[in-house]
Amino acid sequence: MQTWRLDDEIQTVVLAAPEGGLPGIAYWGAPLPASEDLATLAAAQVVDVSGGMMDATAPISVCPEARRAFPGQPGLRLSDAQGRAVTPCLALGTVEAGPDRFEATASEGGITYQLSLHLREGLLVSKAALEMDAPHRVEWLAAPVLPVPAQSDGLTDVSGRWIGEFQLQRHDWRPGIHLREARQGRSGHEHPPFALLTTPGTTNAAGEVWALAYGWPGGHRMVAEELPDGRRQIQFGHATGAYDGLVTRVESAELTGAYSAAGLNGAAVRLQRHLRALTAPRARQPRPVHYNCWEAVYFDHDRAVLDEIAEQAAELGAERFVLDDGWFGRRDDDTTSLGDWEIDPRKWPDGLAPFAEYVRDLGMGFGLWVEPEMVNFDSALYRAHPDWLLGPADQPPGRQQYVLDLAQEAVRDHLFKRLDAVLSSAPIEYLKWDHNRLLPMVDAAQVAGLYDLLDRLHAAHPTVEIESCASGGGRIDLGILSRTQRVWLSDSNDALERLRIQHDAALFLPAAITGSHVGPRTCHTSGRVLDMSFRGWVAAQRHMGFEMDPRELTEDEAATLREITLWWKTNRDWRMQADILRLDSRDPAVIAEAQLAQDGSRFVVFVGQAATSAQIAPRPLALCGLDPEAMYEVDLVNRDQASHLSRGAMPIKDGPLTLSGQALMRHGLTLPWRFPGTMWVVEGRRL
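All values derive from a computational prediction rather than experimental measurement. (Residues numbered from 1 in each chain as written. Predicted model: local features only at pLDDT ≥ 70, side-chain atom pairs only at ≥ 80, totals over all residues. Heavy atoms only, no water.)

**A few points about the overall build of the protein chain**
Then, number 1: When you go through the protein chain residue by residue, the secondary structure sums to 13 helices and 35 strands.
Then, number 2: Taking 26 Å as the expected radius of gyration for a compact globule of 687 residues, we find that the protein chain reaches 27 Å, a close match to that expectation.
Then, number 3: Taken over the C-alpha atoms alone, the protein chain extends approximately 80 × 70 × 40 Å along its principal axes.
Then, number 4: When burial is assessed residue by residue, the protein chain has 60% of its 687 residues classed as buried.
Then, number 5: Sequence separation of 24 or more characterises 69% of the internal contacts of the protein chain that already satisfy a separation of 6 or more. (Helix = DSSP H or I, 4+ residues; strand = E, 2+ residues; numbered from the N terminus. Rg over C-alpha atoms; globule rule 2.2 N^0.38 Å. Buried < 20%, exposed > 50% of the residue type's maximum accessible area, 1.4 Å probe, protein only. Contact = heavy atoms within 4.5 Å.)

Given below as structure tokens:
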């Protein structure tokens, strides 16, 4: 038995390999003592043999092998050029290991498996690759496979839909397979590539958690399996069939794992910090307040109207104006002109530069909506190049559009040339990069083409920030975020729905990259009418923006929005670097979070009343992440918004309170009564 260990201040990872075989993860969890005997630790996990079993139990290696009689789903499935199944029995070859990294190869008969595991930023990052001397068809290659700790009592994964993203689903372990597969060519509303392994009693602030995120925007597969002998494994990889044809090399995406002994928040904070660091180099700092004109004008671009809207948006506090769909080709609706990335001279006879300069003179940067991966049949591009379509011409349309084959170099060259010309024609600092159609098939080459196009654009225009949008949150994963700097979390600007979506997405995403806009008084996706204060504070929880027609605002609404926007700007420098901690509310009608500065010196708590409470008075809300010995001054930011039905004498209504971290975490903070669809905002400072 060979063993290795990786360590950082948060965790220990132990790998063990039987003589000549592939290693497996024998331990991943809280730090082990330096004196731990790793061989004994690994040997202590060997499963007994009884009736109805093989004479030896195959291990859960980083790539479980069918040839070794593994009783569950293998980590690799491939066939040769004649279609015959190939089941290698891989022998460990080279190993390079250090305190925080492990790299190895294993091979048999011209097939070489490559393994990489690293501890980085408190995360376990792993990847697998396969090289073959002769071409093979690869149906499935899992990223390094993880055994599920025996103490885990369940799996939480993520589902969703358009305007209903990031819905958490809890599953108790049971014999057999729990399978999630995104087969429509993007990470998807329906199956975003995230999972949480929890233990009994896990809450936001307590319990062991293993969070997993597969960094791939092209469709993925997750297999969570309880074997007949009771052991469990979890596998992530590209969707089945993503590797087209016969190939000699394939690789998985990175699988990023976060271990926490401090509940869901502990894992969430590590992922949030990682994504902030990943996206920050190309993101404008400080994060600017957005204005997006989509729900104000849709396709109707009139320069005089847009000038007026831009002026009012700037007066409200916007710092970036994004011109949405409708500026190119003959794009008067969603049936035409995708692919024709040339400025429409009917709407913009002088090009975009004069308007972009006007926006800059108002103190705002200028951004633009694009959807480069798509094409309409009614477009000059499709008429000239029908062979650039991904999939057959008789496929069903989606949103009146189709997908371009980005695996073709000519397609990428054309798109780069057109987008480069547009970006060079005006002072454009931002692209809202949309993706409104599902793909007709999964195809790893499509993602490789997308990555190439984004890399070329970033090289040519290094100061341009790019947002990932896909009918809202249909393409959010660590892969696309390696090349973009913001995500549009949902097409829903309904603050009540956004409150929940943002809360659950915070298990993975930081505020700095999560776009959240104040929508119209009457929401365009729900028909719901919500107060400006609530809409403004929900947007202020994340990277703030506006998306209403500012000409519809009353004086009171505009004043409220200006006040909240000024508060956001005053606090953004520390808040856009803060950790989002979900709070365990004892009232299911309340959705609450704290945003804690990384040095612990200050925090803000958002307490959203999402529905009517069962009890008549608010329950105390326990905070988390504070220093129990420290004293904090806590103050109600928006006490002037208290309802007339809140009649009691409460000290927090009159001014700040001084309480210990211990009191705030153990007993909590009792706030005044409020209507559904409202929010309290509490600031705290360590004294």
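This is not the end of the story, as more comes after the structure.
**Concerning the sheet that holds strand 10 (residues 146–147)**
Adjacent strands of a sheet pair through backbone hydrogen bonds, lying either parallel or antiparallel.
Then, number 1: Read across the open sheet, the 4 strands follow the order 10-17-16-13; overall the sheet is antiparallel. Looking at the sheet topology across the chains shown, the edges are occupied by strand 10 and strand 13 (176–181).
Then, number 2: As paired strands, strand 10 and strand 17 (residues 232–238) are joined by 2 bridges and run antiparallel to one another. In the strand pairing of strand 17, proline 147 is matched with glutamine 233. (Pairing = 2+ DSSP bridges.)

**Observations regarding the pairing of strand 25 (residues 430–433)**
Then, number 1: The alternating pattern of strand 25 places Tyr430 and Lys432 and Leu431 and Trp433 on opposite faces, both of which are buried.
Then, number 2: Across 4 bridges, the pairing between strand 25 and strand 26 (residues 465–468) is parallel. The residue bridging tyrosine 430 from the neighbouring strand is glutamate 465, located in strand 26.
Then, number 3: Where the polypeptide runs from strand 25 across helix 8 (residues 444–460) and back to strand 26, its parallel neighbour, the crossover connection is right-handed. (Right-handed = clockwise from strand over helix to strand, strands pointing away.)

**A word on the side chain of arginine 498**
Then, number 1: Within the secondary structure, arginine 498 sits in helix 9 (residues 495–505).
Then, number 2: Here arginine 498 is buried and forms no salt bridge, its nearest opposite-charge partner aspartate 491 lying at an N-O distance of 6.8 Å.
Then, number 3: At a separation of 2.7 Å, a polar atom in the side chain of arginine 498 contacts the main-chain carbonyl oxygen of serine 490.
Then, number 4: Once residues within four sequence positions are removed from consideration, arginine 498 is found in contact with Trp488, Leu489, Ser490, Ser492, Asn493, Gly515, Ser516 and Val538. (Lys, Arg positive; Asp, Glu negative; His and termini not counted. Salt bridge = Lys/Arg side-chain N within 4 Å of Asp/Glu carboxyl O. Polar contact = N/O pair within 3.5 Å; in protein donor to acceptor, adjacent residues only side chain to side chain.)

**Quick word on the packing of helix 7 (residues 409–425) against helix 8**
Then, number 1: Across the interface, helix 7 lies against helix 8 with an axial gap of 10 Å and an inter-helix angle of 30 degrees. By the angle between their axes, helix 7 is roughly parallel relative to helix 8. Helix 7 and helix 8 meet at a crossing whose hand is right-handed. Touching Arg412, Asp413, Leu415, Phe416, Leu419, Asp420 and Leu423 of helix 7 are Gly449, Asp452, Leu453, Arg456, Leu457 and Ala460, all from helix 8.
Then, number 2: For the contact of helix 7 with helix 8, the per-class residue count stands at 7 nonpolar, 1 polar and 5 charged. (Axes fitted to C-alpha atoms, helices over the stretch in contact; angles between N-to-C directions. Parallel < 35°, antiparallel > 145°, perpendicular 65-115°, else oblique. Left-handed = near helix turned anticlockwise from the far one by under 90°. Nonpolar A, V, L, I, M, F, W, Y, C, P; charged D, E, K, R; others polar.)

**A few points about helix 5 (residues 353–361)**
Then, number 1: Taken together, the buried positions of helix 5 are Phe355, Ala356 and Val359. Buried residues of helix 5, viewed axially, fall in a sector of 100 degrees; they line one side.
Then, number 2: Those residues of helix 5 that are buried are in contact with helix 4 (303–316), strand 21 (320–323) and strand 22 (365–370).
Then, number 3: Glycine 363 occupies a position one or two residues after helix 5 and carries a positive phi of about 95 degrees. (Arc of directions from axis to C-beta.)

**A few points about unusual backbone geometry**
Then, number 1: Of note, the bond from glutamine 285 into proline 286 is cis; its omega dihedral lies within 30 degrees of zero at -10 degrees.
Then, number 2: Tracing the backbone shows proline 286 in the loop between helix 2 (263–279) and strand 20 (290–292).
Then, number 3: Although it is not a glycine, serine 337 adopts a positive phi angle of roughly 80 degrees.
Then, number 4: Within the secondary structure layout, serine 337 lies in the loop between strand 21 and helix 5.
Then, number 5: In this model, arginine 399 sits at a positive phi of 50 degrees, which is unusual for a non-glycine residue.

**Looking at the sheet that holds strand 33 (residues 631–636)**
Then, number 1: One open sheet accounts for 6 strands, arranged 30-31-32-35-33-34; its pairing is antiparallel. Of all the strands in the sheet, just strand 30 (579–582) and strand 34 (657–660) have a single pairing partner and so form its edges. Averaged over all neighbouring strand pairs, the angle between strand axes comes to 25 degrees, with direction disregarded.
Then, number 2: The pairing of strand 33 with strand 34 spans 4 bridges and is classified as antiparallel. Residue valine 634 lies in a different strand from strand 34, and its bridge partner there is leucine 657.

**A look at the environment of alanine 649**
Then, number 1: Position of alanine 649 among the secondary structure elements: in the loop between strand 33 and helix 12 (651–654).
Then, number 2: The sequence separation of alanine 649 and tryptophan 433 amounts to 216 residues, and the corresponding C-alpha distance is 51 Å.

**Details of helix 4**
Then, number 1: Under the 1.5 Å per step criterion, the end-to-end length of helix 4 is 20 Å for 14 residues, consistent within 8% with the ideal 20 Å.
Then, number 2: Residues of helix 4 that are buried include every one of Leu306, Asp307, Ile309, Ala310, Ala313, Ala314 and Leu316, and no others.
Then, number 3: For helix 4, the secondary structure elements touched by its buried residues are strand 20, helix 3 (294–297), strand 21, helix 5, strand 29 (543–546) and helix 11 (555–575).
Then, number 4: With a side-chain oxygen lying 3.1 Å from the backbone nitrogen of alanine 304, the N-terminal cap of helix 4 falls on aspartate 302.
Then, number 5: Count one or two residues on from helix 4 and you reach glycine 317, which has phi positive near 125 degrees. (Expected span 1.5 Å × (residues − 1).)

So, to be careful, I would describe these as geometric facts and stop short of saying anything about function.
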